[in-house]
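Fold and geometry: a report
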Amino acid sequence: MTEKSIVAIQCVSRLVNIPAERQFRQWIAAALQVTAKPAELTLRIVNAAEGRNLNSAFRGKDYATNVLTFVYHEKKSKLLQGDLVLCAPIVAREARDQGKPLKAHYAHLTVHGVLHLAGFDHEIEKDAKLMEARETRVLAQLGYPNPYES
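Quantities reported herein were computed from a predicted structural model and do not represent experimental measurements.

**Some thoughts on the packing of helix α1 (residues 21–35) against helix α4 (residues 102–117)**
Running from N to C, α1 and α4 cross one another at 40 degrees; their axes reach a closest spacing of 9 Å. In this view, α1 runs oblique relative to α4, as classed from their interaxial angle. In this structure, α1 crosses over α4, and the sense of that crossing is right-handed. Between α1, through Gln23, Phe24, Trp27, Ile28, Ala31, Leu32 and Val34, and α4, the contact on the second element is made entirely by Lys103, Tyr106, Ala107, Thr110, Val111, Val114 and Leu115. For the contact of α1 with α4, the class distribution of residues is 11 nonpolar, 2 polar and 1 charged.

Given below as structure tokens:
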């Protein structure tokens with residue numbers, strides 16, 4: 001990658017145990033290695049109310065979800081541009097319910113969001129397998145287990 005990525009991180013959630021900014025930057029950088037493209041992105045960690053409002057306004061779903069990705073670049077662009085939104089209370093609840101370490105779940109959802117930014121999707125089974133394989137590879141390089149195994 002010849003160009004440098006620009007990453008802004010905003011944390012408006014008051015929950016404790018949210019990973020440090022340097023961790024998010026490490027996870028984003030690792031995911032961007034897969035894309036071979038630089039990025040200009042903002043990662044925003046929000047509370048349930050903001051997560052619900054964003055999911056409702058942009059996806060028509062009246063509940064907070066774990067991660068949202070907003071893409072602002074053209075499909076063939078050499079620069080990825082967008083916003084990632086992680087809803088801290090949802091991420092924490094999912095990690096607890098699934099018996100996963102919180103940090104590992106944040107890492108997975110951050111990588112997942114960056115791959116969406118790069119155009120990966122999981123609506124079709126073939127695409128989902130490709131995206132999951134990429135996520136799993138990036139997470140393994142970071143020292144985290146496969147999030148799709150129980």
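**Description of the pattern of salt bridges**
One pass over the full model with this rule turns up 5 salt bridges. Its salt-bridge partner being Arg25, residue Glu21 comes within 3.0 Å of it at the nearest N-O pair. You can see Glu21 and its partner Arg25 sitting in helix α1, 4 residues apart, about one turn around the helix. Glu21 sits in the partly exposed class, given a relative accessible area of 40%. For Asp97, the salt bridge identified is with Arg93, shortest N-O distance 3.9 Å. Here Arg93 and Asp97 lie together in helix α3 (residues 88–98), a separation of 4 residues that amounts to about one turn. Since its relative accessible area comes to 57%, Asp97 is described here as exposed.

About the criteria used
Residues numbered from 1 in each chain as written. Predicted model: local features only at pLDDT ≥ 70, side-chain atom pairs only at ≥ 80, totals over all residues. Heavy atoms only, no water. Axes fitted to C-alpha atoms, helices over the stretch in contact; angles between N-to-C directions. Helix = DSSP H or I, 4+ residues; strand = E, 2+ residues; numbered from the N terminus. Parallel < 35°, antiparallel > 145°, perpendicular 65-115°, else oblique. Left-handed = near helix turned anticlockwise from the far one by under 90°. Contact = heavy atoms within 4.5 Å. Nonpolar A, V, L, I, M, F, W, Y, C, P; charged D, E, K, R; others polar. Salt bridge = Lys/Arg side-chain N within 4 Å of Asp/Glu carboxyl O. Buried < 20%, exposed > 50% of the residue type's maximum accessible area, 1.4 Å probe, protein only.

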